[in-house]
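Per-entry structural report
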Amino acid sequence: MERVDVAIVGGGPAGACAAERAAAHGAETVLFEQGVPREDRDELGPDSTDAAGMLDYWVDIMDFDYREIPDEIILRELEGTEFVGPSTSVELTTTGMDASYPKFGYTFHRARMDDWLHERAADAGADLRVGTGVTDLETDLRASSPKGPTHTLTLSNGDQLEAQYVVLADGPQRRITLDALDQFTPPGRSIADSLSPPEANHIAYQEYREFPEELFAEFEDRLKFWWGYMPGETAYPWIFPNDSRVARVGLTMPIGMQLEDVDDPASYKLLEPSDSQLPSGSEYISRLLEQEYGDEYDVESDIPRVEDRGKSKGTETYPISSTRPIDSPVGANVAVAGGAMGTTSAFHEGGYHVAVRTGKIAGRLAATDSLEHYNDLWKQAIGDEVLRNVVFADIVREYGPDDWDWAFGVANDMQGGGDDELISNRFSAGLDAVKLLASYRKRKFGYRDGGYVQFPEDDYLY
Ligand SMILES: Cc1cc2nc3c(=O)[nH]c(=O)nc-3n(C[C@H](O)[C@H](O)[C@H](O)COP(=O)(O)OP(=O)(O)OC[C@H]3O[C@@H](n4cnc5c(N)ncnc54)[C@H](O)[C@@H]3O)c2cc1C
């Protein structure tokens, strides 16, 4: 059987960065990416969920010098973002965080960015097998290797391979991660209870649309989000500007939510009295564009779908499971990185930056036989970001349309600085600001010292 030092499951940002770091540190490294067809790539490649927005300080979290990112990857430099509530909006022109990137952020070509990470991994000497999936992973905890447990990976072509260390980077769908980790969970417990509870399961849908020039100019340098327009936790539509006059218009919404589950459907702008069920993703997008721009434009002819992009005729649909992160069973020589470990934010679905960083850490540690430090090091590197996202997700979980208006009103009063622009220590903004700040601090305190981890390292059985 073929044998390698480090095997990586999944070739998204986490996997590609793990492969680059592992190979750069001298490990014999192989990465398996099942391979996904896309309109914007000739060959099979990683999944490249294309909704790519990057904030200024996320570049530092990725541990990249922004000047090394090739120009053709960046689509738009951003000056700010706009959050639109049912009747109140707030505009932010700074993230309020220290960052080396000089603008608010940028949107990027996700497939090109993923491909660049693959090039870097290949240049470092990693063996990238795109088009070969992993179908099973079994760990031998009592292996005779002096470096401890080993793993047998079964591949989609029927071959098997043995690896000393594995980095699981199969993304938020976790096709291999769940069963692989259940080898080490106590009887009666499954890692899926932590990573894939029903309330964490969302569907993301997006379309590429070409906008008239004067309309595109309204958001060409900003991200735009509509909160409180549709029901459900982390349910919101958005527009991200791309190249030329093309923007991605998308949303996330919970899987399995029914109209009967919605308190006061009439309060949501994207629901209609005649609805007998919740609208589909594409129907939500049509309604949003109609409401926002329908009085001046004929949406279908003036803002058409661009069919030669994305996954299928200008659209993309993804199941996504965003939740709080888990520790890895490092004693079994396994590291879980990126979306697979639950780093994609349940607040805003952002996760490219934390995937890159956790992948880099996992790859380096696996190559240097020091995986036991992984759970400490990822917390040092991304703990503050995870904490922020987890706390925000908690705060807004039960928000309805009026709550969003209230929060945006408070944020408008509070503008001006602090650790986060939205939650700054500006008591001059009045009692509501104090209330918001107190709720933020209380929840943050509740998750102190890594308390946001859902499945701690000590709970694994070896
Ligand atoms: C609609 C949407 C919008 C988003 N917007 C943003 C954004 O604007 N900014 C941001 O930072 N983040 C965003 N994210 C989150 C971001 O996409 C993820 O956090 C990030 O992709 C996680 O990277 P990853 O490498 O862990 O997983 P992925 O990118 O999901 O990569 C996993 C890879 O593993 C492969 N794979 C899976 N199973 C196997 C297997 N068995 N064998 C071999 N290969 C396998 C898949 O094909 C895939 O290529 C968004 C996500 C969604 C769904």
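Owing to the predicted nature of the structure, the values given are computational and were not obtained by experimental measurement.

Looking now at the domain arrangement of the protein. Parsing the protein into structural domains produces domain 1 (2–75 + 107–197 + 323–390 + 455–459), domain 2 (201–319) and domain 3 (399–446). A C-alpha centroid distance of 30 Å is found between domain 1 and domain 2. Between domain 1 and domain 2, the residue contacts involve 22 residues of the former and 25 residues of the latter. For the pair domain 1 and domain 2, the summed buried surface comes to about 1,700 Å²; carbon and sulfur atoms form 48% of the total.

What the seven strands build is an open sheet, ordered β6-β5-β13-β14-β15-β12-β16; its pairing is mixed. Among the strands making up the open sheet, the edge pair consists of β6 (89–92) and β16 (315–321). Strand after strand, the sheet turns through a mean of 15 degrees between neighbouring axes, direction not considered. Inspection of the sheet shows strand β12 (residues 201–210) paired to strand β15 (residues 246–254) by nine bridges, in the antiparallel sense. Within the sheet, the bridge partner assigned to Arg 209 lies in β15 and is Ala 247. Docked against the sheet, helix α7 (residues 281–293) engages β12, β13 (222–226), β14 (236–241) and β15, running at close to 125 degrees with respect to β15.

To continue, consider unusual backbone geometry. The phi torsion at Asp 264 lies on the positive side, around 55 degrees, for a residue other than glycine. With respect to the element layout, Asp 264 can be found in the loop between β15 and α7. Of note in the backbone geometry, Asp 449 takes a positive phi value of approximately 50 degrees without being a glycine.

Now for the pattern of salt bridges. Inspection of every chain in the model, using the stated rule, returns 27 salt bridges. Its salt-bridge partner being Arg 67, residue Asp 65 comes within 3.1 Å of it at the nearest N-O pair. With relative accessibility at 33%, the residue Asp 65 sits in the partly exposed group. With its nearest N and O atoms 2.8 Å apart, the salt bridge here joins Asp 127 to Arg 129.

To continue, consider helix α10 (residues 374–396). Spanning 23 residues, α10 covers 31 Å between terminal C-alpha atoms, matching the ideal 33 Å at 1.5 Å per step. Summarising burial for α10: 17 of the 23 residues are buried, a large majority.

Moving on: the packing of aromatic side chains. The relative placement of two aromatic rings is captured by the distance of their centres and the angle of their planes. Scanning all chains against the criterion turns up 22 aromatic pairs. Considering the side-chain rings of Trp 378 and Tyr 452, the 6.3 Å spacing of their centres and the 55 degrees angle between planes classify their relative orientation as tilted. Placement of the pair is Trp 378 in helix α10 and Tyr 452 in the segment after α12 (431–446), with a sequence separation of 74 residues. Given the relative accessible area of 0%, Trp 378 is considered buried. Classification of Tyr 452 by relative accessible area gives buried; the value is 4%.

Attention shifts here to the sheet that holds strand β4 (residues 74–78). Within a sheet, neighbouring strands are paired by backbone hydrogen bonds and run either parallel or antiparallel to one another. Taken in spatial order, the three strands of this open sheet run β3-β7-β4, and their pairing is antiparallel. Two strands in the sheet have a free side with no partner beyond their single neighbour: β3 (53–55) and β4. The average angle at which neighbouring strand axes cross in this sheet is 20 degrees, direction not considered. Across three bridges, the pairing between β3 and strand β7 (residues 105–108) is antiparallel. Counterpart to Leu 55 in the pairing with β7 is Gly 105.

Between helix α1 (residues 13–24) and helix α9 (residues 352–367), the shortest axis-to-axis distance is 7 Å and the interhelical angle comes to 30 degrees. What the angle tells us is that α1 and α9 run roughly parallel. Here α1 runs over α9; the crossing is right-handed. Residue-level contacts link Pro 13, Ala 14, Cys 17, Ala 18, Arg 21 and Ala 22 of α1 to Tyr 352, Ala 355, Val 356, Gly 359, Lys 360, Gly 363, Arg 364 and Ala 367 of α9. Its residues assigned to classes, the contact of α1 with α9 comprises nine nonpolar, two polar and three charged.

Attention now goes to the environment of Ile 74. Tracing the backbone shows Ile 74 in strand β4. With 20 residues separating them along the chain, Ile 74 and Met 54 place their C-alpha atoms 9.7 Å apart. Excluding its chain neighbours within four sequence positions, the residues that come into contact with Ile 74 are Ile 69, Tyr 106, Thr 107 and Phe 108.

One finds Met 113, Leu 117, Leu 153, Leu 168 and Tyr 374 to be the most contacted residues of the largest nonpolar core, which totals 109 residues. Met 113 has contacts with Met 62, Phe 64, Ile 69, Ile 73, Phe 108 and Tyr 352, leaving out every residue within four places of it along the chain. Core analysis: the next-biggest nonpolar cluster, separate from the first, contains 29 residues, Trp 226, Tyr 229, Ala 247 and Tyr 268 among them.

Definitions and cut-offs
- Residues numbered from 1 in each chain as written.
- Predicted model: local features only at pLDDT ≥ 70, side-chain atom pairs only at ≥ 80, totals over all residues.
- Heavy atoms only, no water.
- Domains from an automatic or database assignment.
- Contact = heavy atoms within 4.5 Å.
- Buried area = accessible area lost by both parts, 1.4 Å probe.
- Pairing = 2+ DSSP bridges.
- Helix = DSSP H or I, 4+ residues; strand = E, 2+ residues; numbered from the N terminus.
- Axes fitted to C-alpha atoms, helices over the stretch in contact; angles between N-to-C directions.
- Salt bridge = Lys/Arg side-chain N within 4 Å of Asp/Glu carboxyl O.
- Buried < 20%, exposed > 50% of the residue type's maximum accessible area, 1.4 Å probe, protein only.
- Expected span 1.5 Å × (residues − 1).
- Phe/Tyr/Trp six-rings, centres within 6.5 Å; stacked < 30°, edge-to-face > 60°.
- Parallel < 35°, antiparallel > 145°, perpendicular 65-115°, else oblique.
- Left-handed = near helix turned anticlockwise from the far one by under 90°.
- Nonpolar A, V, L, I, M, F, W, Y, C, P; charged D, E, K, R; others polar.
- Core = buried A, V, L, I, M, F, W, Y, C linked by side-chain atoms within 4.5 Å.

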